[in-house]
Amino acid sequence: MKVLTVIGNRPQFVKAAAVSGPLRERHEEVLVHTGQHYDDELSAIFFSELGVPRPAYELGLGNGTNTEQTARMLAALGPLVADVRPDAVLVYGDTNSTLAGGLAGAQAGVPVAHVEAGMRSFDRRMPEELNRVLTDHLASLLLCSAQGPADHLAAERVAGRVAVVGDVMVDVALLFQPRARADDAPLRDAGVEAGGYVLATAHRAGNVDDPARLRRLVDLLLAVPLPVVLPLHPRTGARLEAAGLLDRLATAGRVRLTPPLGYLAFTALLTRARALLTDSGGVQKEAYLAGVPCVTLRDTTEWVETVQAGWNVLVDLDARAALAALERPLPAQRPQLYGDGQAGRRVVDALTGFRSA
Ligand code: UDP
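Worth saying up front: this structure is predicted, and the values here are computed from it rather than measured.

## Considering helix H4 (residues 96-107)
A rise of 1.5 Å per residue sets the reference length of H4, with its 12 residues, at 16 Å; its end C-alpha atoms lie 16 Å apart and thus fit the reference within 8%. A large share of H4 lies buried, amounting to nine of its 12 residues. Turning to H4, its buried residues are Asn-96, Ser-97, Thr-98, Leu-99, Ala-100, Gly-101, Gly-102, Ala-104 and Gly-105. Of the surrounding secondary structure, the elements contacted by the buried residues of H4 are strand S1 (2-7), helix H1 (10-26), helix H3 (66-84), strand S4 (88-92), strand S5 (112-115) and helix H5 (127-138).

## Considerations on unusual backbone geometry
Excluding glycine, residues mostly carry a negative phi; peptide bonds, for their part, are mostly trans. Unusually for a residue other than glycine, Arg-85 sits at a positive phi of about 50 degrees. For Arg-85, the position within the fold is in the loop between H3 and S4. By relative accessible area, which is 66% here, Arg-85 ends up exposed. Phi is positive for Arg-157, which is not a glycine, with a value near 50 degrees.

## As for the pattern of salt bridges
Scanning all chains against the criterion turns up 21 salt bridges. Measuring nitrogen to oxygen at the nearest pair gives 3.5 Å for the salt bridge that ties Glu-116 to Lys-285. Of the two residues, Glu-116 is situated in the loop between S5 and H5 and Lys-285 in helix H14 (residues 281-290); the sequence distance between them amounts to 169 residues. Overall, the relative accessible area of 8% leaves Glu-116 in the buried class. Given the relative accessible area of 1%, Lys-285 is considered buried. Between Arg-213 and Asp-316 there is a salt bridge, with the nearest N and O atoms lying 2.8 Å from each other.

Each value, and the rule that gives it
Residues numbered from 1 in each chain as written. Predicted model: local features only at pLDDT ≥ 70, side-chain atom pairs only at ≥ 80, totals over all residues. Heavy atoms only, no water. Helix = DSSP H or I, 4+ residues; strand = E, 2+ residues; numbered from the N terminus. Expected span 1.5 Å × (residues − 1). Buried < 20%, exposed > 50% of the residue type's maximum accessible area, 1.4 Å probe, protein only. Contact = heavy atoms within 4.5 Å. Salt bridge = Lys/Arg side-chain N within 4 Å of Asp/Glu carboxyl O.

Written out as structure tokens, the structure is:
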């Protein structure tokens, strides 16, 4: 069977790293990179470090608003799907590339498989939430990271077939975290010691696009009483610069600004941090797997299981709540939440079974 996979941004390169290998053992994969993320630091390094195969098509459609970007991707993917004539279109997560790939496939009558289906923050102001919901209702095969997301899909009465396969990012994290944990170089480069710093990431539109919220984010980071390593997402860097806030962070002694890091360096820092401060989805999950407490800079999360297990606290941009969360004792238990590291194979099994059903 021929599978057209559409990816475009950093977390999707990580997800594809878990699936492309097992998929290519049994089927033909045509990989399309929309170019949503195109900087080497957010794109090329993930292909080389994680062994993601070279894309057959690179569309180079990085800029513009969400609607412009989605429209340009659709315009490019429509003819491409007609040309390649795949048996299935495979999409991951909740980005513009996910929605455009899903819609291009569904409009062409090609079954769409959605990996990481059923995630919900129930916050329709997030562009990611719109992409998730719409893609789930387009998809024929909905592959979930856990039972909770499958329950959301049942409640929404989606038309496609639902299966719980585990989380593909977990496959990659379980493979790379033990190796990264032994790598001191990224800590040395950042000038920090194991257990003595907080690793922070922020890039959600809701946190960085509004200058008032961005200022609160900066105040929060400056209030942390430990060194804070902050690999700056380009979007965040640009917004900080425009708001005149970059200097405040750059000159604060405790904040160590770095460019966005490759997966291995970032994972080395993640596994040995005292805690994570983040608005990323993937990072909440990776912190949980590494046994590092997470403080999430949002008031909702799709990864509710990590909160229920006591390893993740939602503080939005409330500095006092964040400091209290950083102080709290760790839970005694850390149950397995998102699978056993074999989700990539289960995705391929589900696709194969779907085709022959
Ligand atoms: N990540 C990375 N380098 C960084 C920051 C994040 O390799 O400087 C990885 C992280 O380990 C995770 C993924 O990027 O696998 C998360 O991507 P992001 O936060 O951009 O997206 P989200 O998960 O929020 O959709």
